[in-house]
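Overview (structure and organization)
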Amino acid sequence: MVIWIAITVPIVGLLNSIVAPPELNEFLHLVSELQQGSLWAVYACSGYLFLAVWWITLFLKVRTHQKKSVAR
């Protein structure tokens, strides 16, 4: 699931940012589409949030495992 999200979220974000109006950058376009309830914006934001939480969880697990192996 993480691999699928890591591949599809940037692609969806990129493809939909191409059609952004010239006066908006990609982030502002994402925020404005999110406020309008656009499905792609919800998918992109939730996907990026999921990936951030996954990386933090992985980091904490590795760190905990390293502390246990050093204590032995």
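Quick caveat, the model's predicted, so the values are computed rather than measured.

**A word on the overall build of the protein chain**
Counting secondary structure elements, the protein chain contains three helices and zero strands. Along the protein chain, helices (α) and strands (β) appear in the sequence α-α-α when read from the amino end. Taken against the 2.2 N^0.38 rule, which gives 11 Å for 72 residues, the C-alpha radius of gyration of the protein chain at 17 Å runs more than 25% over that of a compact globule. With respect to the principal axes defined by its C-alpha atoms, the protein chain has extents near 60 × 20 × 20 Å.

**Details of the nonpolar core**
In this structure, Val2, Ile5, Val9, Leu30, Trp40, Ala41, Ala44 and Leu51 together form the largest nonpolar core, which totals eight residues. Among the elements of the structure, helix H1 (2–17) and helix H3 (39–71) are those that each provide at least two residues to this core. Counting residues per element, this core draws most heavily on H3, which supplies four residues. Ignoring anything within four residues of it in the chain, the contact list for Ile5 reads Pro10, Tyr43, Gly47, Phe50 and Leu51.

**Some points on the confidence of the model for the protein chain**
On average, residues of the protein chain carry a pLDDT of 92, and 97% of them reach 70 or more. Mean pLDDT in the protein chain bottoms out at H3, which sits at 92, and peaks at H1, which reaches 94.

**Describing helix H2 (residues 26–35)**
The set of residues buried in H2 consists of His29, Leu30, Ser32 and Glu33. Take H2 and look down its axis: the buried residues cluster within an arc of 165°, on one side only. Looking at H2, the residues exposed on the side facing more than 90 degrees away from the buried face are Phe27 and Gln35. Two or three places before Phe27, at the opening of H2, Asn25 has a side-chain oxygen 3.2 Å from that residue's backbone nitrogen. In the stretch just after H2, Gly37 is the one whose phi turns positive, near 85°.

Rules used throughout
Residues numbered from 1 in each chain as written. Predicted model: local features only at pLDDT ≥ 70, side-chain atom pairs only at ≥ 80, totals over all residues. Heavy atoms only, no water. Helix = DSSP H or I, 4+ residues; strand = E, 2+ residues; numbered from the N terminus. Rg over C-alpha atoms; globule rule 2.2 N^0.38 Å. Core = buried A, V, L, I, M, F, W, Y, C linked by side-chain atoms within 4.5 Å. Buried < 20%, exposed > 50% of the residue type's maximum accessible area, 1.4 Å probe, protein only. Contact = heavy atoms within 4.5 Å. pLDDT = per-residue confidence, 0-100. Arc of directions from axis to C-beta. Polar contact = N/O pair within 3.5 Å; in protein donor to acceptor, adjacent residues only side chain to side chain.

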